[in-house]
Amino acid sequence: MTVGLQHYLVVSAALAALGIIAMVSRRNAINILMGIELLLNAAALNFVAFSRFGAGRPGLPHFEGQVFGIFVIVLAAAEAAIALAIIIAIFHHRSNINADELQSMRR
Amino acid sequence: MSTADVFFWIFAALCLVPAAVVVFSRNLVYSAFALLATLAGVAGLYALLGADFLAVTQVLVYIGGILVLILFGVMFTQKVYDLKAEAMSFKRVRAAVLGVLVFVVLAAAVLGVDWPQAPRDMQPTSAPIGNLLLSEYLLPFEMISVLLLVVLVGAVVVGKKEVREDE
């Protein structure tokens with residue numbers, strides 16, 4: 001069986017499911033951030049897979065999917081930078097970063 | 001099975017097995033390094049899909065940038081020899097059920113569709129992507145550069161203010 005679009009989509013679905021499990025079950029804020037990164041990677045993989053296989057003019061490459069993949073990567077970089085700044089700020093205040101203990105925005 | 005198919009399975013395994021380690025490992029540093037393998041696997045899949053520019057960007061930005069940031073975060077916020085990132089055990093089962101449910105629904109939706117099978121021809125991608133970014137997608141491109149600038153300033157401000165309050 002040759003590898004087609006659906007194989008990539010199933011891999012991406014598995015990545016997304018693992019990311020959701022990490023986001024929901026993990027306690028440490030950095031682990032939650034890793035789950036979000038997995039989820040974003042799954043989305044970008046979908047974009048790129050569709051840009052290679054998607055229905056359009058046959059034989060002509062489409063690059064829109066790859067452009068959106070780049071946007072996803074840039075957004076992930078921005079999100080990681082700001083999230084880690086917030087995590088470190090919280091760590092300075094409370095000396096732990098367990099998400100289930102962060103129930104107030106004040107000290 | 002062609003060579004490309006063999007590589008697909010290798011890269012898919014390289015994605016998913018470490019991703020499971022990221023999710024289920026109890027050690028935060030193991031999670032971070034497993035994330036490295038996952039991101040490398042995704043970069044390999046991009047290369048297989050003919051997205052050479054994106055594959056290199058993935059390696060540079062994700063592995064070279066985001067992963068190093070995350071490792072910094074791990075080192076800053078944990079005692080290095082006691083890195084137990086325990087999950088809330090009562091939530092674990094529910095989370096696993098939710099994840100399996102999401103996967104089953106997505107996979108069923110994917111496999112229920114008759115997708116176009118012929119891949120497009122591979123071409124060099126940098127030049128067309130550059131042209132698209134500066135013509136059709138100019139506005140998103142400019143907005144995302146402003147966003148990056150804001151994030152740069154914002155991260156510095158968030159980090160700096162807390163230090164000053166601690167003094």
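Here the structure is a predicted model, which is why all the values come from computation and not from measurement.

## Examining the overall build of chain B
Of regular secondary structure, chain B possesses six helices and zero strands. Reading the secondary structure of chain B in the N-to-C direction produces α-α-α-α-α-α. Within chain B, contacts between residues separated by at least 24 positions form 62% of all contacts whose residues are at least 6 apart in sequence. Surface summary for chain B: the accessible area is close to 9700 Å², and the carbon and sulfur share equals 74%.

## Thoughts on the nonpolar core
In terms of nonpolar packing, the biggest core is built from 70 residues, with Y8(A), L45(B), Y46(B) and I70(B) touching the most fellow members. Listing elements by their share of this core, those giving two or more residues are α1 (5-25), α2 (29-53) and α3 (64-94) of chain A together with α1 (3-24), α2 (28-48), α3 (52-77), α4 (89-111) and α5 (126-134) of chain B. Non-local contacts of I70(B), meaning those with residues more than four positions away in its chain, are made with I30(A), L33(A), M34(A), E37(A), L84(A) and L35(B).

## A few points about the packing of aromatic side chains
Counted by the stated rule, this structure contains eight aromatic pairs over all chains. Aromatic side chains F68(A) and Y137(B) sit 5.4 Å apart centroid to centroid with 85° between the ring planes, which places their arrangement in the edge-to-face category. Here F68(A) is found in helix α3, whereas its partner Y137(B) is found in the loop between α5 and α6 (138-166) on a different chain. Since its relative accessible area comes to 31%, F68(A) is described here as partly exposed. Residue Y137(B) is classed as buried on the basis of its relative accessible area of 13%. By the ring-pair criterion, three or more aromatic residues cluster together here, those being Y8(A), F53(A), F8(B) and W9(B). Of note, R52(A) hangs over the ring of F53(A), and the distance from its end group to the ring centre comes to 5.9 Å.

## Re the interface of chain B and chain A
Across the boundary between the two partners, chain B contributes 85 residues, which contact 78 residues of chain A. Carbon and sulfur atoms supply 75% of the area buried between chain B and chain A, which totals about 7400 Å² over both sides. Here chain B is connected to chain A by zero salt bridges. Here chain B is connected to chain A by five residue pairs in polar contact (both at pLDDT 80 or more).

## Section: a nonpolar patch on the surface
On the surface, M1(B), V6(B), F7(B), W9(B) and I10(B) cluster together into a nonpolar patch covering about 530 Å² of accessible area. For W9(B), the position within the fold is in helix α1.

## Remarks on α2(A)
Residue and element names in this part refer to chain A. End to end, α2 covers 36 Å across 25 residues, agreeing with the expected 36 Å (1.5 Å per residue, within 8%). Most of α2 sits inside the fold, with 18 of its 25 residues counted as buried. Residue N28 occupies the N-cap position of α2, its side-chain oxygen lying 2.9 Å from the main-chain nitrogen of I30.

What counts and what doesn't
- Residues numbered from 1 in each chain as written.
- Chains lettered and ligands numbered in written order.
- Predicted model: local features only at pLDDT ≥ 70, side-chain atom pairs only at ≥ 80, totals over all residues.
- Heavy atoms only, no water.
- Helix = DSSP H or I, 4+ residues; strand = E, 2+ residues; numbered from the N terminus.
- Contact = heavy atoms within 4.5 Å.
- Areas by Shrake-Rupley, 256 points an atom, 1.4 Å probe, with all protein chains shown as cover.
- Core = buried A, V, L, I, M, F, W, Y, C linked by side-chain atoms within 4.5 Å.
- Buried < 20%, exposed > 50% of the residue type's maximum accessible area, 1.4 Å probe, protein only.
- Phe/Tyr/Trp six-rings, centres within 6.5 Å; stacked < 30°, edge-to-face > 60°.
- Lys NZ or Arg CZ within 6 Å of the ring centre and 35° of its normal.
- Buried area = accessible area lost by both parts, 1.4 Å probe.
- Salt bridge = Lys/Arg side-chain N within 4 Å of Asp/Glu carboxyl O.
- Polar contact = N/O pair within 3.5 Å; in protein donor to acceptor, adjacent residues only side chain to side chain.
- Patch = residues over 30% accessible without salt bridge, like charges linked within 9 Å, V, L, I, M, F, W, Y side chains within 5 Å.
- Expected span 1.5 Å × (residues − 1).

Any functional reading would require information that these geometric values do not contain.
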